[in-house]
2 protein chains.
Amino acid sequence: MSPKSIRVCLSPALLPFYDLSDTIAVVIDIFRATSSMCYGLANGANAIIPVEELAECLSYRSNGHLLAAERDGKVVEGFDFGNSPFSYTKDKVEGKTIVLTTTNGTRAIQRCIGAEAVVIGSFLNISALTDWLKNQSRHILLVCAGWKNHFNLEDTVFSGALVHRLKTTDIELDDAAYAAESLYLEAQGNLSTYLSKASHSKRMQHLQIAQDVAFCLLEDQVSVIPILKGHELVPLTLPHLL
Amino acid sequence: MSPKSIRVCLSPALLPFYDLSDTIAVVIDIFRATSSMCYGLANGANAIIPVEELAECLSYRSNGHLLAAERDGKVVEGFDFGNSPFSYTKDKVEGKTIVLTTTNGTRAIQRCIGAEAVVIGSFLNISALTDWLKNQSRHILLVCAGWKNHFNLEDTVFSGALVHRLKTTDIELDDAAYAAESLYLEAQGNLSTYLSKASHSKRMQHLQIAQDVAFCLLEDQVSVIPILKGHELVPLTLPHLL
């Protein structure tokens, strides 16, 4: 049993051109939404509800949920926190449901509805995710959240890391998967240096969140795979074959 | 004098997210539309009129123009030829105006209207194009025609070749420009082998047009730079500083 194909969607704006049927969509927003989602669920959050708009996020206030909102890399005023992974520690999130809206990542998740399954990827859970995907028999679509519909290096390089670990001679790759793997192979020796030229890294330096960036590039900090059930991201219960 | 920035748009579907003001757009459809445009103008065609739809192309029949139409890699029935460069030789095109519609390339050109200038790139005219772009003071946007709104390797690798030749420490690059350059540097030693894994190359093999593919990867066969004037592509007259 192995995936039929691996494709990489380099921007959420390109999602309408992909057939999502019989497909596992892996949403990737390395700096920082999907990294924080993995970390939050690993630290005992009950669920994370990704929503597109600030107003929708605020409407959950009365439910006693934690409300998290990021726009342009910053926490939005009036919300409990943004998408820094260090806001998703055990003491803050255990036993809680988090409602989260971000510039790119949560929107990408919403646009994947229609896929057979929507799961969340980051370097933090890369091995757990790889092991699970290897045993699936569907198509895999790696969805880079990018930055405001633009291509970004970090999400693409992470896609390439997954392609590199998953590919076999039997699995069809699209051009973007080949490109992503090439970029990963160039970057892998020194990921943070390679990504330091990325626009988002520069944006992050400006925001003085170098610690976040470094943390989001660490492999295998958690073994959870967030999966969308209804409108909530919850930990996938293994083996969960699709 | 040098360009202010170099950005790479990986799919025509992403063009709405770019500001085209003060920008020179370079449209790239290596296999085969923009290669054939360069070759056709170099071989004495008066002009090439890129149109989006077959019906619009046919409407030029009474003007005595040559009508060229490609869809899914094949010549459309009822048209004089498609987008094989070998249809754009001197004996066929000298002194003629060609009206051309293709799956990807001509549509990408139409979507760039609004830029300060729209020019055409291919390996066939890469040095002439590089020399001209080096002396411009605008932003440069390299527009990959891709395949049906999807990313493709050959247009991106060509973009990377241009980035590599043009970049200086003063010119801002976006993430896609860095990625394209990385892919080019990996591919440059053996371009045709690297691109043989590309989906479009496979499609081309199937269509038995290996000769076209090989020709489109030859550098510096011509010195013409096609530029859009009104609705026609004509040879740019140097120096033409913008």
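Conventions and cut-offs
Residues numbered from 1 in each chain as written. Chains lettered and ligands numbered in written order. Predicted model: local features only at pLDDT ≥ 70, side-chain atom pairs only at ≥ 80, totals over all residues. Heavy atoms only, no water. Helix = DSSP H or I, 4+ residues; strand = E, 2+ residues; numbered from the N terminus. Buried < 20%, exposed > 50% of the residue type's maximum accessible area, 1.4 Å probe, protein only. Contact = heavy atoms within 4.5 Å. Salt bridge = Lys/Arg side-chain N within 4 Å of Asp/Glu carboxyl O. Polar contact = N/O pair within 3.5 Å; in protein donor to acceptor, adjacent residues only side chain to side chain. Nonpolar A, V, L, I, M, F, W, Y, C, P; charged D, E, K, R; others polar. Pairing = 2+ DSSP bridges. Phe/Tyr/Trp six-rings, centres within 6.5 Å; stacked < 30°, edge-to-face > 60°.

K.L.:
Got a minute to help me understand the environment of Leu242(B) in this structure?
P.N.:
Residue and element names in this part refer to chain B. Within the fold, leucine 242 resides in the segment after strand 11 (232–235). Leucine 242 gets classed as partly exposed once you look at its relative accessible area, which sits at 23%. Put simply, leucine 242 and cysteine 38 are 204 residues apart on the chain and 21 Å apart in space, counted from C-alpha to C-alpha. Apart from residues lying up to four places away in sequence, leucine 242 is in contact with Ile24, Ala117, Trp132, Gln136, Ser137 and Arg138.

K.L.:
Is there a simple way to explain the interface of chain B and chain A in this structure?
P.N.:
Where interface size is quoted, it is often the accessible area lost as the parts come together. Chain B puts 24 residues into the contact, and the matching count from chain A is 24 residues. Applying the counting criterion to the chain B and chain A interface returns zero salt bridges. Here chain B and chain A share 10 residue pairs in polar contact (both at pLDDT 80 or more) between them. Among the elements that make up the side of chain B that touches chain A, the one with the highest residue count is helix 7 (residues 175–187) of chain B (seven residues). For the side of chain B that touches chain A, the residue count by class is 13 nonpolar, six polar and five charged.

K.L.:
What is the right way to look at the pairing of strand 7 (residues 117–121) of chain B in this model?
P.N.:
For a regular strand, side-chain orientation follows a simple rule: the groups alternate between the two sheet faces. Residue and element names in this part refer to chain B. Buried residues dominate strand 7, accounting for five of its five residues. Because side chains alternate across strand 7, one face comprises the buried residues Ala117, Val119 and Gly121, and the other comprises Val118 and Ile120, equally buried. Across five bridges, strand 2 (residues 23–28) lies against strand 7 in parallel orientation. Bridge pairing in strand 7 places isoleucine 28 opposite glycine 121.

K.L.:
I tried to follow the packing of aromatic side chains on my own but got confused; where do I start?
P.N.:
Between two aromatic rings, the relevant description is the distance of the centres plus the angle of the planes. This structure, assessed with the given rule, holds eight aromatic pairs over all chains. Centre to centre, the rings of Tyr39(B) and Phe215(B) are 4.9 Å apart; their planes meet at 65 degrees, and the pair counts as edge-to-face. One end of the pair, Tyr39(B), is in helix 1 (residues 33–42); the other, Phe215(B), is in helix 10 (residues 210–216), with 176 residues separating them in the sequence. Like Phe215(B), Tyr39(B) is buried. On the basis of an interplanar angle of 80 degrees and a centroid distance of 4.9 Å, the ring pair of Phe123(B) and Phe158(B) is categorised as edge-to-face. Highlighted residues: Phe123(B) in the loop between strand 7 and helix 5 (126–134) and Phe158(B) in helix 6 (residues 153–166), separated in sequence by 35 residues. For Phe123(B), a relative accessible area of 0% gives the class buried. Of the aromatic side chains, those joined through ring pairs into one cluster are Tyr39(A), Phe86(A) and Phe215(A).

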